[in-house]
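Coordinates in review
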Amino acid sequence: LKRNGVYADVAENGQAAVDILLQQKAKYQIIFMDNQMPVLSGVEAVRQLRAGGFNNLLIGVTGNVMQDDVQEFLSAGCDLVLSK
């Protein structure tokens, strides 16, 4: 990724991700948010980010392929959901 100018950061939990992203909105162009994160779920993290004015691309990532799980991520504010 680095050869192509792409740099990645990792947050240790959902709350850490929210804190980092709300402080440095312009630094990140795309966010992959896992649903099963400690402290704060991906769905709740997305809700908090959107409520805080974060408008960058948010992609939810989940191991659950049930339509209700996908819809929960979309309703929270994800632009897209990927199943892993």
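Scroll up to find the structure.
Quick look at the structure, then. (Residues numbered from 1 in each chain as written. Predicted model: local features only at pLDDT ≥ 70, side-chain atom pairs only at ≥ 80, totals over all residues. Heavy atoms only, no water.)

1. A word on the layout of surface pockets
Put simply, the largest pocket is a space of about 640 Å³. Residue lining of the largest pocket: 21 residues in total, with A8, D9, Y28, I30 and I31 positioned closest to the centre. Only α1 (14–23) and β1 (30–34) provide two or more residues apiece to the lining of the largest pocket. For the lining of the largest pocket, the element with the most residues is β1, which contributes five residues. In the lining of the largest pocket, the residues fall into 15 nonpolar, three polar and three charged. (1 Å grid on protein atoms, 1.4 Å probe; cavity = no way out; pocket = protein on both sides within 12 Å on 5 of 7 lines; lining within 4 Å. Points joined across faces, edges and corners; volume = space filled by probe spheres on them. Helix = DSSP H or I, 4+ residues; strand = E, 2+ residues; numbered from the N terminus. Nonpolar A, V, L, I, M, F, W, Y, C, P; charged D, E, K, R; others polar.)

2. Some words on the packing of helix α2 (residues 42–51) against helix α3 (residues 67–76)
For the pair α2 and α3, the least separation of the axes is 8 Å and the interaxial angle reads 20 degrees. As summarised for this structure, α2 and α3 are arranged roughly parallel, according to the angle between their axes. The crossing of α2 and α3 is right-handed. On α3, the residues touching G42, V43, V46, R47 and R50 of α2 are E72, F73 and A76. (Axes fitted to C-alpha atoms, helices over the stretch in contact; angles between N-to-C directions. Parallel < 35°, antiparallel > 145°, perpendicular 65-115°, else oblique. Left-handed = near helix turned anticlockwise from the far one by under 90°. Contact = heavy atoms within 4.5 Å.)

3. Overview of the pairing of strand β3 (residues 80–83)
Sheet analysis places strand β2 (residues 57–62) next to β3, joined by four bridges and oriented parallel. Bridge assignment links G60 to a residue of β3, and that residue is V81. Handedness of the crossover joining β2 and β3 through α3 is recorded here as right-handed. (Pairing = 2+ DSSP bridges. Right-handed = clockwise from strand over helix to strand, strands pointing away.)

4. Focus: the pattern of salt bridges
Within this structure, the stated rule accounts for four salt bridges. Between R47 and E44 there is a salt bridge whose closest N-O contact spans 3.4 Å. Placement of both R47 and E44 in helix α2 is noted, with a separation of three residues, approximately one turn of the helix. Judged by its relative accessible area of 37%, R47 is partly exposed. Salt-bridge contacts for D79 lead to R50; the nearest nitrogen and oxygen are separated by 2.8 Å. (Salt bridge = Lys/Arg side-chain N within 4 Å of Asp/Glu carboxyl O. Buried < 20%, exposed > 50% of the residue type's maximum accessible area, 1.4 Å probe, protein only.)

5. Some details on the side chain of T62
Inspection of the secondary structure assignment puts T62 in strand β2. Other than its neighbours up to four places away in sequence, T62 contacts N35, F73, V81, L82, S83 and K84.

6. Comments concerning the packing of α1 against α2
Geometrically, a packed helix pair is captured by the angle between its two axes and the distance between the axes. Running from N to C, α1 and α2 point in directions that differ by 20 degrees, and their axes come no closer than 9 Å. Classified by the angle their axes make, α1 and α2 are roughly parallel. Relative to α2, α1 is oriented so that their crossing is right-handed. Across the interface between the two elements, G14, Q15, V18, L21 and L22 of α1 pack against A45, Q48 and L49 of α2. Grouping the constituent residues of the contact of α1 with α2 by class yields five nonpolar, three polar and no charged.

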